[in-house]
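Coordinate inspection notes
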Amino acid sequence: MKVILLADVKGQGKKNDVIEVSDGYAKNFLIPRKLAKAADAQSLNDVKVREEARLYRIETEKKEARELAKKLETLVVKIPASSGADGRLYGSITAKDIAERLEADHKIVIDKRRLVLNENIKAYGKYEVEAKLYTEVVGRVNVLVCEK
């Protein structure tokens with residue numbers, strides 16, 4: 001009997017998978033516990049449409065992430081900071097600072113957790129910071145730390 005899983009079932013499959021199981025297993029276990037429903041033409045079509053919509057959404061999100069990555073490469077985020085006599089900054093520039101300045105100056109919102117800093121910036125200069133925008137889509141943000 002073909003059924004569509006309504007939840008993840010260990011050893012059988014994930015939610016929305018169409019699987020073939022024995023009639024007794026489907027009628028006595030999966031269907032009464034609302035883990036699956038019988039796969040008729042309408043429900044199979046619903047699963048197909050839902051999967052196509054999910055793939056389309058993923059593709060559009062990837063496309064938007066690629067466009068944002070191209071835009072980020074052309075931008076320079078200037079962050080003014082104070083330093084002591086030896087040229088070292090008071091404190092450091094973090095991913096949060098970069099994300100806030102990117103939003104304030106360029107109206108681009110990127111979560112600070114998506115910005116990858118190997119270590120916090122503690123000196124003046126030009127830095128390149130990775131921004132993980134989407135799966136397999138990485139942008140580069142040019143950061144310029146200058147005097148106030």
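Our structure is the block above this text.
Below: a short report on this structure. Model, not experiment: these values are computed from the prediction. Every chain is numbered on its own, with residues counted from 1 as its sequence reads. Reporting in this predicted model follows two pLDDT cut-offs: at least 70 for local features of residues, and 80 or more for side-chain atom pairs to be given and counted; totals over whole chains, interfaces and linings ignore these cut-offs and use all residues. Each side-chain value is derived from all of the structure's non-hydrogen atoms; neither hydrogens nor water enter the calculation.

1. Some points on the pairing of strand β1 (residues 2-5)
What counts here: Whether two strands pair comes down to DSSP finding at least two bridges between them. Starting at the N terminus, helices and strands are each numbered in turn, a helix being any DSSP run of H or I of at least four residues and a strand any DSSP run of E of at least two.
Examined bridge by bridge, β1 and strand β2 (residues 18-20) share three bridges and lie antiparallel to one another. Paired with I4 across the strands is V18, a residue of β2. As paired elements, β1 and strand β3 (residues 36-38) share three bridges and run antiparallel to each other. Residue pairing in the sheet places L5 in a bridge with A36 of β3.

2. A closer look at helix α3 (residues 95-106)
This is how it is decided: In this analysis, the expected span of each helix is defined as 1.5 Å times one less than the number of residues it contains. Relative accessibility under 20% of the residue-type maximum defines a buried residue, over 50% an exposed one, and the middle range a partly exposed one, all with a 1.4 Å probe and only protein chains included. As used here, the arc is the angular range of directions from the helix axis to the C-beta atoms.
Its twelve residues place the ends of α3 16 Å apart at the C-alpha level, agreeing with the 16 Å of an ideal helix rising 1.5 Å per residue. Here α3 has its buried residues at A95, I98, A99 and L102. In an axial view of α3, the angular spread of the buried residues amounts to 100°, which keeps them on one side of the axis. Backbone geometry just after α3 places K107 at a positive phi near 60°.

3. Details of the nonpolar core
Threshold: We call a set of buried residues a nonpolar core when its members are Ala, Val, Leu, Ile, Met, Phe, Trp, Tyr or Cys and they connect through side-chain atoms within 4.5 Å of each other. Here, two residues are considered to be in contact whenever any of their heavy atoms come within 4.5 Å of each other.
The biggest cluster of nonpolar side chains holds 24 residues, and the ones touching the most others in it are L72, I93, I98, L115, L133, V141 and V143. For I98, the contacting residues outside a window of four places in its chain are V77, I79, I93, L115, L117, I121, V129, V141 and V143. In terms of nonpolar packing, the next biggest core, distinct from the first, is built from eight residues, V9, V21, L30 and A36 among them.

4. Some details on helix α2 (residues 41-74)
Compared with an ideal rise of 1.5 Å per residue, which puts 34 residues at 50 Å, α2 spans 51 Å between its outermost C-alpha atoms and is within 8% of the ideal. Listed in full, the buried residues belonging to α2 are S43, V47, K62, A65, A69 and L72. In this structure, the buried side of α2 is in contact with β1, β3, α3, β8 (125-134) and β9 (137-147).

5. Topic: the sheet that holds strand β6 (residues 115-116)
Note the following rule: To obtain an axis, a line is fitted to C-alpha atoms, over the contacting stretch when the element is a helix, and the angle between two such axes runs from 0 to 180 degrees between their N-to-C directions.
An order of β4-β9-β8-β6 is seen for the four strands of this open sheet, with the pairing classed as mixed. Only two strands of the sheet have a single neighbouring strand rather than two, namely β4 (76-81) and β6. Examined bridge by bridge, β8 and β9 share nine bridges and lie antiparallel to one another. Residue pairing for β9: Y134 is matched across the bridge by V137. Against the sheet, α2 touches β4, β8 and β9, its axis set at about 30° to β9.

6. Description of the pattern of salt bridges
To be explicit about the condition: Salt bridges are defined as contacts in which a side-chain nitrogen from Lys or Arg sits within 4 Å of a carboxyl oxygen from Asp or Glu.
All told, the structure shown has five salt bridges when counted by the stated rule. A salt bridge links E128 to R140, with the nearest nitrogen and oxygen atoms 3.5 Å apart. Separated by twelve residues along the polypeptide, E128 in strand β8 and R140 in strand β9 bring together distant segments of the chain. Overall, R140 belongs to the partly exposed group, its relative accessible area being 32%. One salt-bridge network, held together by shared partners, links E128, E130 and R140.

7. Quick look at the pairing of β8
Sheet topology note: the β6/β8 ladder contains two bridges and is antiparallel. In the strand pairing of β8, V116 is matched with E130. Linking β8 to β9, which pair antiparallel, is a turn of two residues; within it E136 sits at a positive phi near 65°.

8. Details of the environment of R113
The condition that has to hold: Pairs of N or O atoms within 3.5 Å make up the polar contacts considered here, provided that, within protein, one atom can donate a hydrogen while the other can accept it, and that residues adjacent in sequence are counted only when both atoms are side-chain atoms.
Its place among the elements puts R113 in the loop between α3 and β6. A polar atom in the side chain of R113 sits 2.6 Å from the side chain of D111.

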